[in-house]
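A closer look at the structure
Chain residues, written in single-letter form:
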Amino acid sequence: MKLRSGIAPLAIVALLLTGTACSAKTNSPSDNAAAASTVRTPLMSDPPPLDPDTFYQPEGLLIMTSAYQGLLQYAPGSTKIAPLLATKWDVSPDGLTYTFTLRDGVKFSDGTPFDSSAVKASFQRRTDMAGGPAYMLADVKEMQTPDPLTFVVTLTKPVAPFLDYLASPYGPLMTSPTAVAQHASGNDHASAWLASHTAGTGPYELTEAVQASHYTMTANKNYWGTAPQITEVEMPVVTASAVQRLQLGNGELDMVLHGLSKGDYEALATGANTEVLQQNALIKTMIMVNPASAVFSSKDARAALSAALDQKALTTQVFGSQGSPSTQFYPVGMLPDGAVPDVHTYDPSKLAAVGRNGGDVSIGYPSGDSSLQDLANQTQVILQTAGFKATVRDFPSAQLFALPQNPDQRPDLFAESWNPDAAHPDTFSRIYQYTNAPVNVQGCSVPEADKLLDAGSAEPDPTKSQALYVEAAKAYRDSMCWINLTDLYNTVAARKGYSGWQSQPAWMWDTDFSTLKHQG
């Protein structure tokens with residue numbers, strides 16, 4: 001983790017906002033004690049329904065990871081799989097049977113016991129709800145509970161990323177079967193109730209959910225682990241990042257987990273009472289190329305574009321210290337360092353040769369993301385310098401994710417940042433690069449890579465499987481459909497005095513509140 005702080009006063013501290021969802025701190029001893037046990041961090045918008053088996057978004061993920069736990073996790077700051085609700089596990093040589101030994105003495109937030117029958121019920125609910133993350137259990141054939149602390153799952157075929165699925169924040173989360181039964185309405189599996197309540201084994205539970213106003217988490221009195229110092233997390237809905245920055249500066253918020261601009265972070269890093277922390281993350285910024293583009297349909301033209309994009313300069317201009325130039329095809333930690341290096345030799349003359357006869361190029365970016373808008377604008381300048389007529393436009397989320405169904409609406413280029421569902425290469429390529437993948441928004445197809453990806457998933461030997469994933473990554477990379485630019489950090493702006501920051505590894509817009517300590 002990197003930490004940057006300074007001593008210059010923040011000019012905007014003098015500005016006050018009225019009508020906010022939380023009030024400023026005072027200096028009385030009782031208020032200081034309360035402040036030390038409460039964290040106030042904003043949400044940009046109301047999260048989608050908080051059902052643990054259908055939730056599949058970054059906004060509100062901090063509620064999921066605070067209230068629920070899976071069988072496995074990633075070790076802090078690492079992509080290494082570690083125990084959580086399962087203390088150990090065994091995989092059969094054929095890659096089909098997984099046997100988990102469960103942690104003893106664990107209770108759900110409603111006080112009911114966690115055991116193998118609860119795991120089976122949670123897995124079954126995930127499948128029954130058939131939401132976006134249900135794909136992680138699509139190949140489960142059979143589940144057995146030979147005793148309360150042993151859970152056995154058998155697959156229909158080997159699935160190389162299966163353990164990573166179980167460590168993912170979007171993976172199967174353990175949910176109290178008692179709460180589900182008590183709050184079910186018809187055949188909804190309690191989804192209506194779970195949209196605004198939680199029933200997990202995590203260090204917190206959701207105690208308030210007021211749409212367009214605020215959400216509150218309180219320490220789970222039945223938590224099996226070390227009781228957190230932070231006993232309450234208040235999450236006001238603050239839709240404007242400028243307002244979030246002001247509230248952080250004047251003490252109305254304690255931390256902002258995402259969404260500020262490069263300039264905001266630079267100013268807060270030099271504040272007398274604020275600091276900026278950067279955690280390693282699995283976030284890759286890239287230019288995605290439309291293979292049906294009149295200009296970039298050929299691999300040579302895409303290679304020329306890649307050569308004209310100065311990774312170091314663009315990273316510095318757009319993200320500053322929030323990122324570093326990409327050096328390998330997947331986010332850092334998903335394959336051994338250097339296994340699939342990015343191939344970039346800066347040479348703008350190649351794109352100038354392609355643009356000698358002119359041509360129109362459209363560049364898209366996601367609506368509301370100022371950094372990616374800046375990247376799109378910088379790319380526009382590069383293209384115009386090379387002789388093209390380049391235009392930039394934003395894409396609302398609904399239109400962006402509908403591009404696979406509306407190929408005629410695709411721009412020539414799209415600037416975007418993506419993170420995987422888990423720290424396994426399969427969960428990156430199968431979502432963003434596989435032919436007809438759900439978020440292959442530009443529609444590039446690399447059949448050779450797809451076959452290698454499938455072979456890697458079906459190979460039970462971990463060493464052989466990884467070798468196949470390496471070859472798949474090289475084939476996707478060499479298509480030049482995805483031109484990597486920057487590895488982004490998870491950047492947090494916070495009031496000074498907090499320690500014990502942990503991440504596993506930092507998922508977008510999230511942190512572990514249970515490990516935080518505060519010295520007032």
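Predicted, not measured: the structure shown is a model, and the values here were computed from it. (Residues numbered from 1 in each chain as written. Predicted model: local features only at pLDDT ≥ 70, side-chain atom pairs only at ≥ 80, totals over all residues. Heavy atoms only, no water.)

It is the contact of helix α15 (residues 447-458) with helix α16 (residues 462-478), at a shortest axis distance of 8 Å, that shows an interaxial angle of 165°. Between α15 and α16, the crossing angle belongs to the class labelled roughly antiparallel. Our pair here, α15 against α16, has a crossing hand that is left-handed. Residues Glu448, Ala449, Asp450, Leu452, Leu453, Ala455, Gly456 and Ser457 of α15 form the contact with α16, whose own contacting residues are Ser465, Leu468, Tyr469, Glu471, Ala472, Ala475 and Tyr476. Each residue belonging to the contact of α15 with α16 can be placed in one class, and the counts come to 9 nonpolar, 3 polar and 3 charged. (Axes fitted to C-alpha atoms, helices over the stretch in contact; angles between N-to-C directions. Helix = DSSP H or I, 4+ residues; strand = E, 2+ residues; numbered from the N terminus. Parallel < 35°, antiparallel > 145°, perpendicular 65-115°, else oblique. Left-handed = near helix turned anticlockwise from the far one by under 90°. Contact = heavy atoms within 4.5 Å. Nonpolar A, V, L, I, M, F, W, Y, C, P; charged D, E, K, R; others polar.)

The phi torsion at Ala190 lies on the positive side, around 70°, for a residue other than glycine. Positionally, Ala190 belongs in the loop between α5 (177-183) and α6 (191-194). With phi around 65°, Met480 is a residue other than glycine that occupies positive phi space. Following the sequence through the fold, Met480 ends up in the loop between α16 and β18 (482-495). The class for Met480 is buried, based on a relative accessible area of 17%. (Buried < 20%, exposed > 50% of the residue type's maximum accessible area, 1.4 Å probe, protein only.)

Our focus in this paragraph is the sheet that holds strand β9 (residues 204-210). One key point about sheets: their strands pair by backbone hydrogen bonds, in either a parallel or an antiparallel sense. The 4 strands are arranged β2-β11-β10-β9 in an open sheet whose pairing can be described as mixed. A single partner strand is all that each edge strand has here, and the edge strands are β2 (38-40) and β9. Between one strand axis and the next, the sheet turns through 15° on average, direction left out of account. Strand direction decides the pairing type here: strand β10 (residues 214-219) and strand β11 (residues 232-236), joined by 5 bridges, are antiparallel. Counted as the bridge partner of Met217 is Val233 from β11. (Pairing = 2+ DSSP bridges.)

Moving on, we get to the side chain of Thr201. Tracing the backbone through its elements, the reader meets Thr201 in the loop between α6 and β9. We classify Thr201 as buried; its relative accessible area is 0%. Polar contacts involving the side chain of Thr201 include one to the side chain of Gln69, which spans 2.8 Å. When neighbours within four sequence positions are excluded, Thr201 is seen to be in contact with Ala67, Tyr68, Gln69, Leu85, Val106, Lys107, Phe108, Phe114, Met174, Asn220, Tyr223 and Trp224. (Polar contact = N/O pair within 3.5 Å; in protein donor to acceptor, adjacent residues only side chain to side chain.)

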